[in-house]
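Structure assessment
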Amino acid sequence: MFLRNHWYVAGFSDEVQKEPLARTVLNERVVLYRAESGRVAALEDRCSHRLMPLSKGRIDGETLVCIYHGLVYNSAGSCVHVPRLNSPPSSTLCVKSYPVAERYGAIWLWMGDPDLVDESKIIDCSLLDIFGSDGTRMYFHVKANYLFISDNLADLLHVGFLHNPSQKAGKSIVGDSGIGNDELAYGKLDVRQEGEHIYGDWTWENITPPITFKNLAGIQGRADGWVLSMFHPPSFFVNPIGFAEAGTGGKESALNQGSGKFSFTIYQCITPETDRSTHFFKLIAHNWTPEMVEKGMQLINKVNTEDIWAMECQQETIDHNPQAQMRYIPTDGAVVRMHRLLDKLIEEEAGAVATVSVGKVRSPTS
């Protein structure tokens, strides 16, 4: 089940320009289009006439025109023109519309009750320019349930294994990123919950830096490192990551990027596509030099290639044996809290919907 009364990233601003964009979100087929005014609209991706996907159509001013028979829809999902009809179209010729916000260079959809829309609930990505001029963004399509991604980001023990070159075997991609080593499994772990925020922070002091961080940071000797994880429902993570020369202040080190330090923060926007596939958007904040940007993005791409390989392997296991159960180990504290919180919020949301539904069918005299 998915939490619906939340904002989800459906795409990047530059994806929605002159052509409609089809995207499935929470098992719902949606079409995004940018009107002549510049505003982005989101509609159910079907014509109410013959069910042709509206994403196959064209944008005309503020409206979207179905390619099949020329019906025209406005941003509210109402059909405003039917060819050869000389009167206003029937109100039944309509499709669902979704509240949309554009922030940080991303398109956000509200997938739940439109009466509960609140733009202040969009996750705070304050290290980024609100208009998205930063431009350092990445997208991955993952053939796995979104919770496998959330589990991966909440439990960072895997950095010392999945991303560790010493664990590489045969032709496996494991460890190619080089951001892990044998010492990373033994750092300090701090798990805590503050309201609906769950933290699973790993820090290391005076260790041998992973080879990739050593090279990108230009670290000559020992290092202090941090991979911090903050979860916010339904499926967002903020991850400050980095290494700096030992004794220079760790995350607060004043060393310049590439001169003893390499760090960045990723806003991880996980959007369920279906029950077994996920849109994975990344908004990346950094102060790298221009020469470092390409190398930094290559690193993030390699790390995610490894993570996605693991997630899709897990999904294959579940597909083969839906009854298979996962057990917990000592480092799973953040994962356990996250699942408990999500279960609680999903139950509360389902209860609220049921209450409203009952209210709608009751007679005014009952």
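Heads up: these notes are all about the structure in this document. Keep in mind the model is a prediction, meaning the values are calculated, not measured. (Residues numbered from 1 in each chain as written. Predicted model: local features only at pLDDT ≥ 70, side-chain atom pairs only at ≥ 80, totals over all residues. Heavy atoms only, no water.)

Considering the side chain of Gln268
Within the secondary structure, Gln268 is located in strand S18 (residues 261–274). Classification of Gln268 as buried rests on a relative accessible area of 3%. Among the polar contacts listed, one links the side chain of Gln268 to the side chain of Lys282, at a separation of 2.4 Å. (Helix = DSSP H or I, 4+ residues; strand = E, 2+ residues; numbered from the N terminus. Buried < 20%, exposed > 50% of the residue type's maximum accessible area, 1.4 Å probe, protein only. Polar contact = N/O pair within 3.5 Å; in protein donor to acceptor, adjacent residues only side chain to side chain.)

Quick notes on the sheet that holds strand S7 (residues 72–73)
Reading across the sheet, the four strands line up as S5-S6-S7-S8 and stay open at both edges, with antiparallel pairing between neighbours. Pairing within the sheet leaves two strands with one partner each, and these edge strands are strand S5 (58–60) and strand S8 (79–81). (Pairing = 2+ DSSP bridges.)

Observations concerning the nonpolar core
Residues Leu32, Leu109, Val142, Phe243, Phe262 and Phe264 are the most contacted members of the largest nonpolar core, which totals 66 residues. Counting residues in each nonpolar core, the second largest holds 21 residues, with Val9, Ile122, Leu283 and Ala285 among its members. (Core = buried A, V, L, I, M, F, W, Y, C linked by side-chain atoms within 4.5 Å.)

Description of unusual backbone geometry
The step from Pro233 to Pro234 runs through a cis peptide bond, and the omega angle for that step is 5°. Relative to the elements of secondary structure, Pro234 occurs in the loop between strand S16 (230–232) and strand S17 (236–245). Its identity as a non-glycine residue notwithstanding, Tyr104 has a phi of 60°, on the positive side. Position of Tyr104 relative to the elements: it lies in the loop between strand S10 (100–103) and strand S11 (106–110). Judged by relative accessible area, which is 8%, Tyr104 ranks as buried.

Quick look at the environment of Phe2
For Phe2, the location among the structural elements is in the segment before strand S1 (7–12). Owing to a relative accessible area of 12%, Phe2 belongs among the buried residues under this scheme. Sequence separation of Phe2 and Ser235 is 233 residues, and the distance between their C-alpha atoms is 9.9 Å. Leave out the neighbours within four places in its chain, and Phe2 touches Leu26, Asn27, Tyr146, Pro272, Thr274, Asp275 and Glu349. (Contact = heavy atoms within 4.5 Å.)

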